[in-house]
Every structure is written in C-alpha cells, then in structure tokens.
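Observations on the model geometry
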Amino acid sequence: MKAKSKKASGQWDNLLAIKKKSRVLQSRIWKLQSLECVGDKMGRKPCCTKQGLNRGTWSAQEDKILIDYIQIQGHGKWRDLPLKAGLNRCGKSCRLRWSNYLRPNIKRGDISSEEDELIIRLHKLLGNRWSLIAGRLPGRTENEIMNY
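Attention in this report is confined to the structure presented alongside it. (Residues numbered from 1 in each chain as written. Predicted model: local features only at pLDDT ≥ 70, side-chain atom pairs only at ≥ 80, totals over all residues. Heavy atoms only, no water.)

**As for the side chain of D63**
Where we set the bar: By the criteria applied, helices consist of DSSP H or I runs no shorter than four residues and strands consist of E runs no shorter than two, each listed in order from the N terminus. With a 1.4 Å probe rolled over the protein chains alone, any residue whose accessible area is under 20% of its type maximum counts as buried; one over 50% counts as exposed, and the rest are partly exposed. Every residue pair with non-hydrogen atoms within 4.5 Å of one another is taken to be in contact.
Inspection of the secondary structure assignment puts D63 in helix 2 (residues 60–73). Residue D63 is classed as buried on the basis of its relative accessible area, which comes to 12%. Leave out the neighbours within four places in its chain, and D63 touches W58, R97 and L102.

Dropping the structure here:
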C-alpha cells in the first residue's frame with residue numbers, strides 16, 4: 001500500500017473543511033427561511049392572522065364539527081384543519097381541544113392511587129417531562145398530568 005502524499009491528504013482535508021462549512025451554511029439558511037422579519041423583530045411566521053377567529057369557550061356545535069371531521073378525514077396538518085372543517089378557529093386551538101378534551105380514548109375522572117404513585121416515581125426519574133410521563137399512563141393527557 002502506498003502512503004498518501006502530502007498534497008493528496010491536504011486536498012482531502014480541504015474537501016472535508018468545505019463540506020463542513022457548507023453544512024453550517026445550509027443550517028443557517030434553513031434557520032433564516034423559517035424566520036420572518038416582523039417589524040424590527042425576528043420571529044416565526046404566525047399560523048394565522050387571528051382576525052375574525054372565534055376565541056374563548058368552544059360551543060357544542062364546534063366540538064361536533066371537529067369530532068366528525070377528524071373521524072372521517074383524520075387530523076393531518078393542524079394548520080389546515082380549521083379551514084377544511086369549516087371552523088372559525090386557529091389550528092393550534094383545534095389541536096389542543098382535540099388532544100386535551102375530545103379524543104375518544106381519554107380517561108376521565110380522578111387519578112387513582114396507583115396512577116398517583118406512578119406519576120411521583122416518574123417525576124423523580126424524568127423531572128418535568130410531562131409528555132413522557134403521560135405516555136406511561138394510558139388515557140391521561142399531558143395537560144391533566146401537569147396540572148395534577
């Protein structure tokens with residue numbers, strides 16, 4: 001086997017350095033594309049204009065529309081769901097309503113002593129990682145566990 005010449009190893013090092021710089025530049029470009037200049041501040045693009053949207057308490061009719069739509073179509077992209085379902089709500093509001101209140105497999109009622117012990121043990125182990133803790137308790141929402 002021949003030893004690599006200094007020239008060949010130098011070219012290889014240059015190629016690796018260029019590749020590393022291009023990765024850094026690509027990540028910076030992606031980050032800039034995901035941000036939008038709003039006035040003099042940088043921030044993510046808003047999910048909606050929030051003008052003319054219903055806010056506050058959900059009505060029974062809105063709940064029924066959301067449940068029916070998700071049972072037939074599935075949720076897909078939450079940003080697009082309100083427009084497709086005919087709801088005058090923000091996508092985030094629809095996602096939170098579904099995941100915390102309307103999902104059919106949500107377990108209602110008081111937390112049992114076994115669940116209480118499990119929450120305490122998992123909190124000692126995982127800290128405030130409520131979604132992981134809620135994942136170990138079937139039917140309980142992250143919101144419910146966090147507020148317990």
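Moving on from the model shown.
**A word on the environment of R55**
Within the secondary structure, R55 sits in the loop between strand 2 (41–44) and helix 2. A C-alpha to C-alpha distance of 7.3 Å links R55 and R89, two positions 34 residues apart in sequence. Apart from the residues within four sequence positions on either side, R55 is in contact with K50 and R89.

**Focus: helix 2**
Put simply, the test is: To estimate the expected span of a helix, subtract one from its residue number and multiply by 1.5 Å. Starting at the helix axis, one direction is taken to each C-beta atom, and the arc is that of these directions.
With 14 residues, helix 2 ought to run about 20 Å at 1.5 Å a step, and its terminal C-alpha atoms sit 20 Å apart, in line with that. If you check which residues of helix 2 are buried, you get E62, D63, L66, Y69 and I70. Seen from one end, helix 2 has its buried residues packed into an arc of 135°, which puts them on one side. Seen from the buried face of helix 2, the exposed residues on the opposite side, beyond 90 degrees, are A60, Q61, K64, Q71 and I72. Where the residues of helix 2 are buried, they touch helix 3 (81–85) and helix 4 (91–102).

**With respect to the side chain of E115**
In plain terms, the rule: We call two N or O atoms a polar contact when they sit within 3.5 Å, provided that within protein one can donate a hydrogen and the other can accept it, with sequence-adjacent residues counted only if both atoms are side-chain atoms.
Examined against the element boundaries, E115 turns out to sit in helix 5 (residues 113–126). One polar contact links E115 to R140, side chain to side chain, over a distance of 3.0 Å. If sequence neighbours within four positions are ignored, E115 has contacts with K107, D110, L137 and R140.

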